[in-house]
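The residues making up each chain are set out below.
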Amino acid sequence: MKKRFFKFLSKVNRKVLPSYTKQGLDLAKASKFQMAIFGYKLWVTKNALD
């Protein structure tokens, strides 16, 4: 159940949130908001793969 939820959430994130890796964003120069989005997407991806 949990894994299915995170897989769904990952699909929604791909459609809604920006992809900073495709944009070539330098994480050292990213704003706190961009880092928060990046961390959130990383957390969702980690939980979807478990």
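Residues numbered from 1 in each chain as written. Predicted model: local features only at pLDDT ≥ 70, side-chain atom pairs only at ≥ 80, totals over all residues. Heavy atoms only, no water.

Colleague: What is the right way to read the layout of surface pockets from this model?
Modeller: Think of a ball as big as a water molecule: rolled over the atoms, this probe shows where empty space is left. By volume, the largest pocket is sized at about 240 Å³. For the lining of the largest pocket, the secondary structure elements donating two or more residues are α1 (2-16), α2 (20-23) and α3 (32-49). When residues in the lining of the largest pocket are grouped by element, the largest group, five residues, is from α3. A class-by-class count of the residues in the lining of the largest pocket yields five nonpolar, five polar and two charged. (1 Å grid on protein atoms, 1.4 Å probe; cavity = no way out; pocket = protein on both sides within 12 Å on 5 of 7 lines; lining within 4 Å. Points joined across faces, edges and corners; volume = space filled by probe spheres on them. Helix = DSSP H or I, 4+ residues; strand = E, 2+ residues; numbered from the N terminus. Nonpolar A, V, L, I, M, F, W, Y, C, P; charged D, E, K, R; others polar.)

Colleague: What am I meant to see in the side chain of Asn47 here?
Modeller: Inspection of the secondary structure assignment puts Asn47 in helix α3. For Asn47, a relative accessible area of 10% puts it in the buried group. Within polar-contact distance, the side chain of Asn47 engages the backbone oxygen of Trp43 at 3.0 Å. Residues contacting Asn47, with those up to four places away along its chain left out, are Lys2 and Phe6. (Buried < 20%, exposed > 50% of the residue type's maximum accessible area, 1.4 Å probe, protein only. Polar contact = N/O pair within 3.5 Å; in protein donor to acceptor, adjacent residues only side chain to side chain. Contact = heavy atoms within 4.5 Å.)

Everything listed is a geometric property; what it means functionally is a separate question.
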